[in-house]
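A look at the structure
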Amino acid sequence: MGNNGSKVKRLFTEIKTHWNKPAKGKYVPYKEYVDILFGVGANYAGNKTLEYISFAAGCYLMMYHYKLPYLTYAIISLINMPLNYVWTLIGWVINDNLGFLPKKTERNFYGLYFFLIAAGLAMIFGDFSAFLPETNKLVAYLNGLEGVTAASVIKIFGTHILWNGWSGARNIFYRKKLIPKFGRYKYSLYCDVVPKIIMVWLIGWLPFYSTITDVTTRVWVANLLFSIYNLFGFNNNLETCTQNISPNMRERIFVRSYPIKLSHLFQSILAIILPAIIDKCPNDWADIAVFKWIIPVTFTIFAVITMIFAGKIKERIPQPPLEKKVKINFWDGMFGVLRNKYRWIQTIVSLLDSLGNGMLAFTTILYLYTFRLTGLTYSLIVALVSFAGTPPDLFTPYFIKRFTYKQVMIFYQLSRAVCYSIIVCCYIFCGDNLILCGTLSVVMLFITEMFQTVPKSISHDMDIRVNDYQMYLSGERLESFAGVFGWFTGPITSFVGLIIPLLLLKFGFNTNWDVLFIDSSRVKIIVVPIIIDIIGYLLMTIPYIFWDYNDDKQNKVMEVLRRREEVTRKQYNEEHGIVEVAEEEKELAKSIKVEDQLVGDNRLQSSDSKYQSYIDVALSEAQKITGKDPTITGMKIYTNLNQTIQAEIDAIQNSETNIKFPDELMQVAMVAMDNSTGAIVGLGGGRNYDGARLLNRATMNYKQPGSCIKPVVSYALAFEYLGYSL
C-alpha cells in the first residue's frame, strides 16, 4: 500500500509540475490533456450524432420518410463516379499545397469552379426534355429504372457538378486563409461548423419527404439536399489533430490511450441517453420529431463545446514555415506517394476489406429485428458492447512494448474471422432458438469489440507513421495525393459493393425493412454477407506480413524531419530579419517583474551599490559585443576589476576620504588603467552613484575635461625634445 501511495503522490507531483509546461523530451502539458478530453469528446459525439443523418438506405429518415428504392443509392454513386477522378486530381494539388498556389494556377482553378457552379445550377433547374426523345435506347433504359428517369439523371449529375464547383472554390479560399492560423487539421471546423448546424436543422424541417409524392422527383431533390448538407464537414478533426500532437511516438500513443479513449465516454453516454429519449416519441425512430428536434439539438450542443476547446489543442508536426514548404506539382505528388511501399500495403488491406461493402448493419438487424429491442434496453446493450473495448485500450502502451505492429494487426484479422464464423454457425445451427442465437451473437460482438480497440489505436499510429515517412521522402505528407491508389481500388470497390445488394435483392430485400422480421429471410440476408466478410478478414493478414516499419525507423525519420525544420526556419528568419528567442530566454523574461523594468528616479535603486559604476560599464560592453541584454540573458562576464583600487575610487566619490568637496553639486569621474595591458581596473562614474544604470560620467558624459589637452601641449613636447618616456 505504501509503495502504491508513493506512486500516486509522484504522479500528482508530476502533473502539478508539468501542468502548463511539458516535461523534458515531451511536448504536451497535462493541461492540454483536459482540453483533449472535452474537445475531442464533444467533436466525436457530435460526429456520431450525424451518423443518424445520411443519404443511405440505413438512415431512418430515408427508411421511414423519403422511402427511396434501395438500388437508387448505388445508381447515383455510379453516375457520379466518372468525373470524380477529375475533381480528385485538382483537389490533390490544392490540398497538398495547403491552398498556396501560383497566382495563375489559382485564377484558373477559380475560373473552372465558378463555371461548374453555373453549369450545375443550369442542369438542376433547366428543362432538357426536348433533348430526351423516348425513342432513344439510353433514354428509354433510364426511364425504365425505379426512382430515376433520363431527366432526373441530368439533375443528379448537375448536383454533382454544382457540389464540386462550390466545394473546390471554398477549399482554396479557406485553406489559404485559415491553415496559417489554425493548422492543417482543425481549420475546416472554423468555416464549416455554423453552416453545418443550419443544415442539420433544415434536413428535418424541410418537408420534401411528405410534399413530394413522385418518387423520381423525391430522389433527385433528396440527393440535392443531402449534397448541400455534406458540403460542410464535421469530422473528427480534433482527434486527427491529436494524432499529430507530438513528434514523440510514445507520447502520441499515451494520448491516444488515455485522454482520447476517455473522451469517447461522451459518445457512450450519448448512445444510452439518445435512444432512451427517442423511445419516448410516439413512433420511436420513425417519428419525424427525431430529425426535427432531438438530433439537431444534440448536435448543436456538442458543436458549441467542440469549438470552445478547439483552439486549445495543438498539432506539432515537424515542418518548415508555410512560406518555405516544398511546392508540390502534380507529377511530383503522384510519383511521390507511389514510392511509399507502406501506402501500397494499406491500399491492398483496404481493397480486401471492401468485400463486405453493401451489407446491412449487422448490429442493427440483431438488436431491432432479432431481439426486437427498443428504448432503454436497446441503449444498454449498445453501450455494453461499445464499452467492452475501453479497458483493453488502456493497456495499449503495454501491448506496443511487447508486440510489433505486424503481430497485432495479423491477430486482429484472425480474431474477427473466428468471431464472425461463430456468429454464422449460430444462425445456421441455432437460428430457430431466438434467445440462444441472439445471446451468442452479442457475446461474440462483445469479444470482437474487446479485441479491436488496441489494433485500432495501432492502426491510427500506423497511418501517422506512413505520413511521417511520406514527408521524409517527399518533403510533404501528400495525404491527398495518396488518393491515387483509389484509381485502382475505386472501380473495384464500387462494383464489389454491388454484389451484396444484388444478393439481398434476390433474397427479397429492397425498401421494405419489415421483411427482416421474417426469420428465414433474415438469416439469408445476414449469413451470406458475413461469410464474404470473413473471407476478406483472412486475406487481409497477408499484406501485413510485409510491414517492417519499426520504432528505430520511425526515430530516424523524425530526427531528419526535425533537422529540416530547424534549417528552413533559420533560413526564413534570416531572410526576414526575425530574431527567434530561445525557450530558456522566454522563460527568464517571463520571470522578471514589470516593476523592475520601469524607468524613473527610483528605477533599480539599491542600498548595495558596491562597484556599481564599474559593473554598469561591464554590462553595457557585454551587450554591445553579444547583442543580448545580460540582465535578462544568462551569461558569464569576466572583468579586470581590482577591488582595492575600485574601493578607493568609491570612497573618494562618497566623500569617505580626506578629499573634501565644496558642495553637493561638484562632480567627479575617473578611470584607472593598467598601463602594461590597457585593462581598466577601476572606474568612477560620479558622486552619489547609488543605483544601477545611472548616468556614468566616466563613459557617458561628453563634456571636455581640461586635462585631456595635456598630452598634446605638454607631454608630446617633453617626449620629442627632452627624451622623456613612460
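Predicted model, so just to flag it, every value in this text is computed and none were measured.

1. Structural notes on the environment of Leu101
If you trace the backbone, Leu101 turns up in the loop between α4 (72-96) and α5 (103-125). C-alpha separation for the pair Leu101 and Asn329, spaced 228 residues apart in sequence, amounts to 9.8 Å. When sequence neighbours within four positions are dropped, the list of residues in contact with Leu101 reads Val93, Ile94, Glu106, Phe109 and Ile172.

2. Notes on the packing of helix α12 (residues 249-263) against helix α22 (residues 434-474)
As a packed pair, α12 and α22 sit with axes 11 Å apart at the nearest point and diverge in direction by 140 degrees. Comparing their axes, α22 and α12 come out oblique. The handedness of the crossing between α12 and α22 is right-handed. For the pair formed by α12 and α22, the contact residues are Met249, Arg252, Ile253, Arg256 and Lys261 on the first element and Thr453, Ser457, His460, Asp461, Ile464, Arg465 and Asp468 on the second. Looking at the contact of α12 with α22 residue by residue, the classes come out as three nonpolar, three polar and six charged.

3. What about unusual backbone geometry?
In the Ramachandran plot, Leu98 falls in the positive-phi region, its phi being about 55 degrees despite a non-glycine side chain. Secondary-structure assignment places Leu98 in the loop between α4 and α5. With a phi close to 60 degrees, Ser655 is a non-glycine residue in the positive phi region. The residue Ser655 is located in the loop between α29 (643-653) and β1 (670-673) in this model. A relative accessible area of 33% means that Ser655 is categorised as partly exposed.

4. A closer look at the packing of helix α8 (residues 187-205) against helix α10 (residues 215-231)
Their axes nearest at 9 Å, the elements α8 and α10 cross at an angle of 155 degrees. Relative to α10, the element α8 is oriented roughly antiparallel. The element α8 and its partner α10 pack so that their crossing is left-handed. Between α8 and α10, the residues in contact are Lys196, Met199, Val200 and Ile203 and Leu225, Phe226, Ile228, Tyr229 and Asn230, respectively. For the contact of α8 with α10, the per-class residue count stands at seven nonpolar, one polar and one charged.

5. Notes on α12
An ideal rise of 1.5 Å per residue puts 21 Å on 15 residues; α12 measures up with 20 Å between its terminal C-alpha atoms. Along its length, α12 reaches its greatest deviation from straightness, about 30 degrees, at Arg256, and the proline Pro259 lies no more than four positions downstream. For α12, a buried count of eleven out of 15 residues is recorded, marking the element as mostly surrounded by other parts of the structure. Those residues of α12 not exposed but buried are Met249, Glu251, Arg252, Ile253, Val255, Arg256, Ser257, Pro259, Ile260, Lys261 and Ser263. With a side-chain oxygen positioned 3.0 Å from the backbone nitrogen of Arg250, the residue opening α12 is Asn248.

6. Points about the confidence of the model for the chain
Summarising the model, the chain shows a mean pLDDT of 83, and 86% of its residues fall at 70 or more. Within the model, the stretch residues 600-607 combines pLDDT values under 50 with twelve contacts to residues more than four positions away or in other chains.

7. So, the packing of aromatic side chains
What the rule picks out here adds up to 33 aromatic pairs. Judged by centre distance (5.7 Å) and plane angle (70 degrees), the ring pair of Tyr66 and Tyr209 falls under edge-to-face. Of this pair, Tyr66 sits in helix α3 (residues 60-66) while Tyr209 sits in helix α9 (residues 208-211), placing them 143 residues apart in sequence. For the pair shown, Tyr66 and Tyr209 are each scored as buried. On the numbers, 5.9 Å between centres and 15 degrees between planes, the contact of Tyr110 with Phe114 is stacked. Note that Tyr110 and Phe114 are positioned in helix α5 at a spacing of four residues, about one turn of the helix. Members of the aromatic cluster, connected to one another through ring pairs, are Phe55, Tyr66, Tyr73, Tyr209, Phe226 and Tyr229. The residue whose ring lies beneath Lys196 is Tyr229, and the NZ or CZ to ring-centre distance is 3.6 Å.

8. Focus on α22
For α22, which comprises 41 residues, the first-to-last C-alpha distance of 56 Å matches the rise-based estimate of 60 Å (1.5 Å per residue) to within 8%. Looking one or two residues beyond α22, the residue adopting positive phi is Gly475, at roughly 85 degrees.

9. What about a positive patch on the surface?
A grouping of Lys103, Lys104, Arg107 and Lys177 is seen on the molecular surface, where their side chains present a positively charged patch. With three residues, the top contributor of residues to the positive patch is α5. Position of Lys103 relative to the elements: it lies in helix α5. A relative accessible area of 56% places Lys103 in the exposed class.

10. Section: a nonpolar patch on the surface
Judged by side-chain polarity, Leu262, Leu265, Ile269, Ile273, Ile277 and Phe387 come together as a nonpolar surface patch covering roughly 500 Å² of accessible area. Here the nonpolar patch gets four residues from one element, more than from any other, and that element is helix α13 (residues 265-278).

11. Structural notes on the side chain of Arg465
Structurally, Arg465 can be placed in helix α22. Classification of Arg465 as buried rests on a relative accessible area of 2%. There is a polar contact of 3.4 Å between the side chain of Arg465 and the side chain of Tyr405. Polar side-chain contacts of Arg465 include one of 2.8 Å to the side chain of Asp551.

12. Observations concerning the side chain of Thr49
Mapped onto the secondary structure, Thr49 falls in helix α2 (residues 30-50). Overall, the relative accessible area of 0% leaves Thr49 in the buried class.

13. Some points on the pattern of salt bridges
Enumeration according to the criterion identifies 16 salt bridges in this entry. Note that Arg250 is salt-bridged to Asp551, the shortest N-O span being 2.7 Å. Residue Arg250 is found in helix α12, and its partner Asp551 is found in helix α26 (residues 551-575); the two are separated by 301 residues along the sequence. By relative accessible area, which is 22% here, Asp551 ends up partly exposed. One salt bridge in this structure joins Arg465 and Asp461, with 3.1 Å as the shortest N-O distance. Separated by four residues within a single helix, Arg465 and Asp461 lie in helix α22, roughly one turn from each other. Here the two residues Arg465 and Asp461 agree in accessibility, since each one is buried.

14. Thoughts on the environment of Leu352
Inspection of the secondary structure puts Leu352 in helix α16 (residues 341-353). When the C-alpha atoms of Leu352 and Thr541 are compared, they prove to be 9.8 Å apart, with 189 residues separating the residues in sequence. Residues within four places of Leu352 in sequence aside, it is in contact with Gly536, Leu539, Met540 and Pro543.

Rules and cut-offs
- Residues numbered from 1 in each chain as written.
- Predicted model: local features only at pLDDT ≥ 70, side-chain atom pairs only at ≥ 80, totals over all residues.
- Heavy atoms only, no water.
- Helix = DSSP H or I, 4+ residues; strand = E, 2+ residues; numbered from the N terminus.
- Contact = heavy atoms within 4.5 Å.
- Axes fitted to C-alpha atoms, helices over the stretch in contact; angles between N-to-C directions.
- Parallel < 35°, antiparallel > 145°, perpendicular 65-115°, else oblique.
- Left-handed = near helix turned anticlockwise from the far one by under 90°.
- Nonpolar A, V, L, I, M, F, W, Y, C, P; charged D, E, K, R; others polar.
- Buried < 20%, exposed > 50% of the residue type's maximum accessible area, 1.4 Å probe, protein only.
- Expected span 1.5 Å × (residues − 1).
- Bend = angle between axes of the 7 residues up to and from the residue.
- Polar contact = N/O pair within 3.5 Å; in protein donor to acceptor, adjacent residues only side chain to side chain.
- pLDDT = per-residue confidence, 0-100.
- Phe/Tyr/Trp six-rings, centres within 6.5 Å; stacked < 30°, edge-to-face > 60°.
- Lys NZ or Arg CZ within 6 Å of the ring centre and 35° of its normal.
- Patch = residues over 30% accessible without salt bridge, like charges linked within 9 Å, V, L, I, M, F, W, Y side chains within 5 Å.
- Areas by Shrake-Rupley, 256 points an atom, 1.4 Å probe, with all protein chains shown as cover.
- Salt bridge = Lys/Arg side-chain N within 4 Å of Asp/Glu carboxyl O.
- Lys, Arg positive; Asp, Glu negative; His and termini not counted.
- Charge placed at Lys NZ, Arg CZ, Asp CG, Glu CD.

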